[in-house]
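# Inside the fold
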There are 4 protein chains.
Amino acid sequence: MTDEFEILSKKLEQRNVNVEQTIKKLENFKIGTPSWGYSEGGTRFHVFQDPYAARDIIERLDDAAQVNKYTGIAPEFAIHIPWDKAESYNEIADYSQDLGMKITAVNPNLFEEEEYKYGSLCNSKPEIRKKALEHVMECLDICKILRAPYLSLWFPDGTNFPGQGDFVKRKKWMLESLKEVYAAMPDFVIMLLEYKFFEPAFYHTDIPDWGQAYLLCKKLGERAKVLVDLGHHPHGTNIEFIVANLVDEGFLGGFHMNSRKYADDDLTTGSLNLYELFLIFWELIKGNADDSRKTGFMLDQSHNLKSKIEAMIQSVLTAQEVYAKSLTIDRSRLENAQENQNIINAETCLKDAFFTDVNPILVRFREGKGLPQDPLKAFLDSGYKAQILKKRRL
Amino acid sequence: MTDEFEILSKKLEQRNVNVEQTIKKLENFKIGTPSWGYSEGGTRFHVFQDPYAARDIIERLDDAAQVNKYTGIAPEFAIHIPWDKAESYNEIADYSQDLGMKITAVNPNLFEEEEYKYGSLCNSKPEIRKKALEHVMECLDICKILRAPYLSLWFPDGTNFPGQGDFVKRKKWMLESLKEVYAAMPDFVIMLLEYKFFEPAFYHTDIPDWGQAYLLCKKLGERAKVLVDLGHHPHGTNIEFIVANLVDEGFLGGFHMNSRKYADDDLTTGSLNLYELFLIFWELIKGNADDSRKTGFMLDQSHNLKSKIEAMIQSVLTAQEVYAKSLTIDRSRLENAQENQNIINAETCLKDAFFTDVNPILVRFREGKGLPQDPLKAFLDSGYKAQILKKRRL
Amino acid sequence: MTDEFEILSKKLEQRNVNVEQTIKKLENFKIGTPSWGYSEGGTRFHVFQDPYAARDIIERLDDAAQVNKYTGIAPEFAIHIPWDKAESYNEIADYSQDLGMKITAVNPNLFEEEEYKYGSLCNSKPEIRKKALEHVMECLDICKILRAPYLSLWFPDGTNFPGQGDFVKRKKWMLESLKEVYAAMPDFVIMLLEYKFFEPAFYHTDIPDWGQAYLLCKKLGERAKVLVDLGHHPHGTNIEFIVANLVDEGFLGGFHMNSRKYADDDLTTGSLNLYELFLIFWELIKGNADDSRKTGFMLDQSHNLKSKIEAMIQSVLTAQEVYAKSLTIDRSRLENAQENQNIINAETCLKDAFFTDVNPILVRFREGKGLPQDPLKAFLDSGYKAQILKKRRL
Amino acid sequence: MTDEFEILSKKLEQRNVNVEQTIKKLENFKIGTPSWGYSEGGTRFHVFQDPYAARDIIERLDDAAQVNKYTGIAPEFAIHIPWDKAESYNEIADYSQDLGMKITAVNPNLFEEEEYKYGSLCNSKPEIRKKALEHVMECLDICKILRAPYLSLWFPDGTNFPGQGDFVKRKKWMLESLKEVYAAMPDFVIMLLEYKFFEPAFYHTDIPDWGQAYLLCKKLGERAKVLVDLGHHPHGTNIEFIVANLVDEGFLGGFHMNSRKYADDDLTTGSLNLYELFLIFWELIKGNADDSRKTGFMLDQSHNLKSKIEAMIQSVLTAQEVYAKSLTIDRSRLENAQENQNIINAETCLKDAFFTDVNPILVRFREGKGLPQDPLKAFLDSGYKAQILKKRRL
């Protein structure tokens, strides 16, 4: 491997990329995994049972800690209320810390109670809007206790049929509530506003695109930022353009990473759109936003057919590998080609990086942190699964 | 209304459309409603409770009979096994008959058992393929008892990730089983093979389009026909072209009618794609396939936000109204315009018909059959809902 | 027809719609037709010859005046520079006025000169950006002379390959130029900023969606507004939502009306998306923006297979008819249904209006203005086509 | 590089891949480039001038021979009649041979003559269908003279508006003509039937999908096969599934390779869909169809912004590189994982191969054939461009 590392170092030198600095960049690329990714999930057709599935916040934290233990880059954790409801969030915070984990995002659930049948913050009934607002406020309180930086908001609100609702009234209702939430936010909290093209509403969605999320954030203040879920766009959307633009405007908050081929398929990150992911990372690098202290990198995938912890390890590693590739782009050659309108040269800068085998860098990174070289295998060999099976299903 | 009827009659005469014959055509346009449309349904996010929801095949038949009672055109019924499992299908057949209903389609369920996690007829494990085949055979047996003409097959089979399965092996497994089923089919049974672009599988689906359904039917025999679900296509697909083509080839079996804007949204029929529905009916008329004795017209919609029976009445009436509009097209003028390549004239034939208010015809049709002129109101006024609420939720 | 008018009047009364007021609303619904719609147009595969095609701004104005003469609602005209370049725009203004026409929109052309191969305002070469800016300024000057209210900007700028350009630099370049243009705009001019999902660029487009157009307008000032071309969205986009939102924000400038099934197909208005068009008009009515003095209604369609003037007459009439339908919605019943979350009732308000035969209203409107009842026939009978054929092709 | 080759060899050995055999496989992977790719091409908005553009079949062959000279894998050539019309095709055949080139495909042009405004083989006018058929027959004659194996048919036929044409009549007309063509085909000729989702027709296309192409081929005979253009599908289509299926049915004829993000963008191969291309090659390998003697690999891309010859070299090399990657898949491990339903393992087999740096193999391949290691640079250094500029533009 030393040979390979040296061969790669030399190649990258020719691209004006310093390998040591690249490895350092990897230090600040951390990924948050979602509590709900460790539980059973499924499609509208069926939720398949999983005997290993975690049943509460403690078990989910345990599982997430495993992902972090073997990959070294997943110390962040996103929770979903009420799924992760706990009696004492202070104790949860302590428990997390002991595991080397940090809860960074709190997500309210506004779609599972009967009252939300016709919407939450956009419901035409004031009492239901009030209920929804109170739940968001409850989540903000949890943020405060946990000192979680992200109040991460996704609204299922929308309508299924023309005429069902009034778009403009609904927007006003949403804004009204969001302003109350924003006003109550302490300085360390950022409101992430997620957009989604469709589903669960099938005629209109109240925040269907980055434009509407940005418009609302703009009205709220500088600590309201847009969350980009990679699966929430119409086909063909150039996501890297949206990302570059939001970074430039100061409105990018973070990501929900996953893969999709059709709709919001919630497949594991890097299953299909590998080159797209690479191009997104490149925009973040250029915009100086490829650092978890600036941008929240969170997985949001349901991958109901893969074993959960393994799928998470696979996803985290794929994201890291693709990010590492994007760090090997010859920036000055690229800018030069752009200026001279030499498209083939410009494109070659990207493709050479994308096709670069960055494994020697990843090997070195893991060596430096005492991590196993094959994190998935190490996890599978650890006996953890047998242990939880016993505990969770007996 | 008599005035309106006469005004309309004269207008249609000018289009070479005879009103009396049009009303007669409506006689043979019957729609089947699906048992699962009377139960609770939802998205992957939540299934909202409905105190009126039917709980078994008897209650579902009761509800469907209401739809037929007030609309006069919905005497057909599709069941889903095991959801509609009954101890004696002979008794069910009698019960249906007493209600003036006929069970016309039997649908197997190949997605709700744990064994089907990685597929049913396309599963790499022979024992699971066997189990799936046996279930389809069980459904065929039910067809035989009920003398239901349609064994209606939709397979959730597909994969979520590149590499997960082998496309060709899976096709062979599916064909193998279908051949066994086909061989066991009595003369009066038609196998309907449904295609779907995606979901619940998100990387590939084993029968993703009409082409694959047709290819398989062709290998099976002339009583295997394609079922077109209006929501199972990629955006932009010209469904009326597919329909015309399948009719011409003798391979159109029937429809699952619904509406969609994004994916397989399963909204109520005619919510969005009204003109498309009209154009589809027109192809059926031209191909002599607009008769329920030749083509199965079935609803397949989940419309989880609308009250179920009302939604079904609305859908059935919308389909009938749009069909009636398509019956008012001036065929000879259209053909003439097509031959002369006068696009505006040709298009005008269609739009004039689409924009024709056919209510006077529908009024006359309902008068002739002793049906209420406002079926939805008549149903709501009937007290049926209060009655089932009491029975089903106490 | 008097009978039909009275029958309709009574129906609409029950919907709280006053027929006389409806006819008055039609007075303020004017449509602009585009000069380029009277010339030859085509696809990338071929531009078919049309012996009737207009060859310069005078001939195009003549043709547009015909559309207005027979429909009574198309007195506005959009020009495209340099296609409509004239020696004296003052003379053109006089000529228009004599025809009863008004040039309301001036569109620069930034895609036909060799220099624009890699972009216009977003080109990496400053000298080309300068040239593009100068051309826009030239168009603004023409606006001033003609007192045309709309400087209507669409940019072909974008890239075809990853790496070809830098998104953020390009945005800055565009904004820089637009600020100069905006600063030079007299009070009566509104800058319309058009967005387009893709084409002619196939990897990224610099203003791909309403969000980016809005973001730029917001930075420019209140006389920069968004132009919505009905064919410039990804599949499934809820355009009526975008429209309602822009109206509410005060950022809707106008429309380029046309139809599409796949991409930016530029088919004639109302060819396919009739119900969508109806729903868009409804949002305008609710937002008080269904008046040509507030919102620019312009056609932008190439319809290369239809005869041009006829196609324009057909489009204008279809738009008017669909608009008239949307004026028959029972607003209070709809709002009531929305508040009570009765989806079927709400939807029925829309569908009843959409399925209403509004011809008696249109007949009355045309009578009142001395217009022919069949504008297309009247035009075809007028001998105009024979006259221009002789003039233009001999 | 020897080090790298050895490191790679060892890695591949562990995947049960023999490097020497892999290099041999590359021998039989040849690509055809299209004559029209060396001429000016553009969008419907503009065709940008290119001083290097080839003007006739001789110049196009010269350019294509350059691509072959430096890459060693592009000896095949596709022509388009009448663009490549020549006085003596025998002389053209000799000229090709002297250049080391072979004309393998002849494409008729059925969209550039005024008569084809409303269609070619599907035109409602018999005399135009006859003209179109004669042109296809002319192309078949050219095939015979050149002994070109592929009569490659793409039809622009379709309609723009509902009602414009009769789908079924049109299908019959097309089939009628195709049968005549098929009957006239000598044994060595294969008819390739290409499908396309839309464009230049925007309402319906007569062969919109693989299903319709397959259906027609099936009616014609075993030497009618489907041509897959990578840009001719709806969004989300799983092309590798279609390919696997067609190979299995014996109906895959060949490819038009290119890239797309939106519609039929005709970007250079591998610009965007790199992983998809890899997955397609893998299906060909499994189906034993990854050999140019069995499957026609042709580029069809217009890439109007890149320099033409360079773009072709880039495309050919990218296709080869991606193909080489797909040759490094550990097939037995993959099959084993599939059988055991271990999705992560299965997927890893593919991703490991996709992320493998196969450059050492390509280096060895080029060494073995005396080819330059940087074909693009070698071409640019050769002076060819200066030479043609002088010749073609003076």
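Details of the structure are given in the entry above.
Let me begin by describing the structure that accompanies this report. Just so you know, these numbers come straight off a predicted model, no measurement behind them.

### Brief notes about the interface of chain B and chain D
- Across the boundary between the two partners, chain B contributes 40 residues, which contact 40 residues of chain D.
- Listing elements by their share of the side of chain B that touches chain D, those giving two or more residues are helix H6 (167-184), helix H7 (210-220), helix H8 (239-249), helix H11 (331-339) and helix H12 (343-354) of chain B.
- For the side of chain B that touches chain D, the residue count by class is 20 nonpolar, 14 polar and 6 charged.

### Comments concerning the interface of chain D and chain A
- With 20 residues of chain D at the contact, the number on the chain A side is 20 residues.
- Taken together, the elements giving at least two residues each to the side of chain D that touches chain A come down to helix H1 (2-14), helix H9 (274-286), helix H10 (308-326) and helix H12 (343-354) of chain D.
- Looking at the side of chain D that touches chain A, its residues break down into 10 nonpolar, 4 polar and 6 charged.

### Details of the packing of helix H3 (residues 57-71) of chain B against helix H4 (residues 89-99) of chain B
Residues and elements named next belong to chain B.
- Their axes nearest at 10 Å, the elements H3 and H4 cross at an angle of 20°. Relative to H4, H3 is oriented roughly parallel. Between H3 and H4 lies a crossing whose hand is right-handed. Residues Ile57, Ile58, Leu61 and Ala65 of H3 form the contact with H4, whose own contacting residues are Ile92, Tyr95, Ser96 and Leu99.

### Notes on the pairing of strand E8 (residues 224-229) of chain A
- E8(A) sits mainly inside the fold: 6 of its 6 residues count as buried.
- For the handedness criterion, the β-α-β arrangement of E8(A), helix H8 (residues 239-249) of chain A and strand E9 (residues 252-257) of chain A is classed as right-handed.

### Structural notes on the packing of helix H1 (residues 2-14) of chain B against helix H1 (residues 2-14) of chain C
- Across the interface, H1(B) lies against H1(C) with an axial gap of 11 Å and an inter-helix angle of 130°. One element, H1(B), and the other, H1(C), form an angle in the oblique class. Two packed elements cross with a definite hand, and for H1(B) against H1(C) that hand is left-handed. Here B:Asp3, B:Glu4 and B:Ile7 of H1(B) come into contact with H1(C), specifically with C:Asp3, C:Glu4 and C:Ile7.
- A class-by-class count of the residues in the contact of H1(B) with H1(C) yields 2 nonpolar, no polar and 4 charged.

### Quick word on the relation of the copies chain B and chain D
- Each copy superposes on the other: chain B lies on chain D with an RMSD of 0.0 Å after a rotation of 180° and an axial shift of 0.0 Å. A rotation of that kind, with that shift, is consistent with a two-fold axis. Judged by C-alpha distance, B:Gly211 is the residue of chain B that lies nearest the rotation axis, at 2.0 Å.

### Some words on H7(B)
- Judged by how many residues are buried, H7(B) sits mostly within the fold: 8 of 11 residues are covered.
- Burial in H7(B) covers these residues: B:Trp210, B:Gly211, B:Gln212, B:Ala213, B:Tyr214, B:Leu215, B:Leu216 and B:Cys217.
- Lining the buried residues of H7(B) we find H6, strand E6 (190-194), strand E8 (224-229) and H8 of chain B together with helix H7 (210-220) and helix H8 (239-249) of chain D.
- At the exit of H7(B) stands B:Gly221, carrying a positive phi of roughly 145°.

### Focus: the nonpolar core
- Among the nonpolar cores identified, the biggest contains 502 residues, and A:Leu193, B:Leu193, C:Leu193 and D:Leu193 are the most heavily contacted of them.
- If sequence neighbours within four positions are ignored, D:Leu193 has contacts with D:Leu153, D:Ile207, D:Ala213, D:Leu216, D:Cys217, D:Ala224, D:Val226 and D:Leu227.

### Thoughts on the relation of the copies chain D and chain A
- Mapping chain D onto chain A is achieved by rotating through 180° and translating by 0.0 Å along the same axis, at an RMSD of 0.0 Å.
- When the interface residues of chain D are mapped onto chain A, 100% of them again fall at the interface, so both copies present the same face.

### Some remarks on the environment of B:Ile285
Residue and element names in this part refer to chain B.
- Examined against the element boundaries, Ile285 turns out to sit in helix H9 (residues 274-286).
- Given 17 C-beta atoms within a 10 Å radius, Ile285 is considered partly exposed.
- Expressed as a C-alpha distance, the spacing of Ile285 and Ser326, which sit 41 residues apart in the sequence, is 8.2 Å.

### Things to note about the pairing of strand E4 (residues 150-153) of chain C
All names here are of chain C.
- Of the two faces of E4, the one holding Tyr150 and Ser152 and the one holding Leu151 and Leu153 are both buried throughout.
- Relative to E4, strand E3 (residues 102-108) is paired through 2 bridges, and the arrangement is parallel. Counted as the bridge partner of Val106 is Leu151 from E4.
- Between E3 and its parallel partner E4, the chain crosses via helix H5 (residues 126-146), and the hand of that crossover is right-handed.

Cut-offs and rules
- Residues numbered from 1 in each chain as written.
- Chains lettered and ligands numbered in written order.
- Predicted model: local features only at pLDDT ≥ 70, side-chain atom pairs only at ≥ 80, totals over all residues.
- Contact = placed C-beta atoms within 7 Å.
- Helix = DSSP H or I, 4+ residues; strand = E, 2+ residues; numbered from the N terminus.
- Nonpolar A, V, L, I, M, F, W, Y, C, P; charged D, E, K, R; others polar.
- Axes fitted to C-alpha atoms, helices over the stretch in contact; angles between N-to-C directions.
- Parallel < 35°, antiparallel > 145°, perpendicular 65-115°, else oblique.
- Left-handed = near helix turned anticlockwise from the far one by under 90°.
- Buried ≥ 20, exposed ≤ 12 C-beta atoms within 10 Å, placed from the backbone.
- Right-handed = clockwise from strand over helix to strand, strands pointing away.
- Least-squares fit on C-alpha atoms with pLDDT ≥ 70 in both.
- Core = buried A, V, L, I, M, F, W, Y, C linked by C-beta atoms within 7 Å.
- Pairing = 2+ DSSP bridges.

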